[in-house]
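# Structure assessment
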Amino acid sequence: CSSPKRDYSSKRQMSEVPAPPPPPVEAFHEDVPPPPPPPEPEEEADDGDSEEKSAEELALEAEIRTIELDIALLDLRKELDVQERHLERWQESIKHLAVEKQEAEEFRIPRTDEDRKDEKETKADFQQAQQAVDVLRERIASLEARREQPEEEEDE
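### Focus on the overall build of the chain
A count of helices and strands for the chain gives three helices and zero strands. Ordered by position from the N terminus, the helices and strands of the chain form the series α-α-α. In the chain, which comprises 156 residues, the share counted as buried stands at 8%. In the chain, once contacts between residues fewer than 6 apart in sequence are set aside, the share between residues at least 24 apart is 81%. Accessible surface, the chain: about 14,600 Å² in total, of which carbon and sulfur atoms supply 53%.

Here you go:
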């Protein structure tokens, strides 16, 4: 029972077979309704209603910005808390490594160049992390000051 041998090495043979056409785009979007038309611009009244409305809109937009700022502050405070806990655990780990280093010296276990390199890198990484947390604290303080400014301006 011998089957005919096919020669797949020729690119010409493979390229002669046409690829099936892609399915129409509509086939993927049968259940999705078309997007609504864009809203038409509202005509402004000539009386004072537009001024009142714009003042009300401005007040609402200011309130929305205040709420967004409060949310951003809450998120940043949460992130700061997480990062501070990470730093505390990292510092505990560094202290533990220092105790191990001291015990190794007491037993006259030689330290390798790799140990010294790792220690320097760990300290440098820890200092960078502390600086990043400091920057986060400054950013929170800046946002808090910015949040309090509009309230002070309204009081005056």
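### Points about the pattern of salt bridges
Enumeration over the complete set of coordinates arrives at nine salt bridges. Here glutamate 119 makes a salt bridge to lysine 101, at a shortest N to O gap of 3.3 Å. With glutamate 119 in helix α3 (residues 113-155) and lysine 101 in helix α2 (residues 49-106), this residue pair connects regions lying 18 residues apart in the sequence. Using a relative accessible area of 27% as the deciding quantity, one classes lysine 101 as partly exposed. If you follow the salt bridges from partner to partner, you end up with Lys101, Arg111, Glu119 and Lys123 in one network.

### Focus on the packing of aromatic side chains
The tally for this structure, following the rule as stated, stands at one aromatic pair. Note on tryptophan 90 and phenylalanine 126: the rings are 5.4 Å apart at their centroids and 85° apart in plane angle, and the pair reads as edge-to-face. Of this pair, tryptophan 90 sits in helix α2 while phenylalanine 126 is found in helix α3, placing the two residues 36 residues apart along the sequence.

### Remarks on the nonpolar core
Counting residues in hydrophobic clusters, the biggest one holds eleven residues: Leu69, Leu73, Leu76, Leu80, Leu87, Phe126, Ala129, Val133, Leu136, Ile140 and Leu143. At the level of secondary structure, the elements contributing two or more residues to this core comprise α2 and α3. Leave out the neighbours within four places in its chain, and leucine 136 touches Leu76, Glu79 and Leu80.

### A closer look at the confidence of the model for the chain
Of all residues in the chain, 63% attain a pLDDT of 70 or more, and the chain-wide mean is 78. Ignoring residues within four places in sequence, the model shows residues 25-30, a span with pLDDT below 50, making one contact including any to other chains.

Analysis parameters
- Residues numbered from 1 in each chain as written.
- Predicted model: local features only at pLDDT ≥ 70, side-chain atom pairs only at ≥ 80, totals over all residues.
- Heavy atoms only, no water.
- Helix = DSSP H or I, 4+ residues; strand = E, 2+ residues; numbered from the N terminus.
- Buried < 20%, exposed > 50% of the residue type's maximum accessible area, 1.4 Å probe, protein only.
- Contact = heavy atoms within 4.5 Å.
- Areas by Shrake-Rupley, 256 points an atom, 1.4 Å probe, with all protein chains shown as cover.
- Salt bridge = Lys/Arg side-chain N within 4 Å of Asp/Glu carboxyl O.
- Phe/Tyr/Trp six-rings, centres within 6.5 Å; stacked < 30°, edge-to-face > 60°.
- Core = buried A, V, L, I, M, F, W, Y, C linked by side-chain atoms within 4.5 Å.
- pLDDT = per-residue confidence, 0-100.

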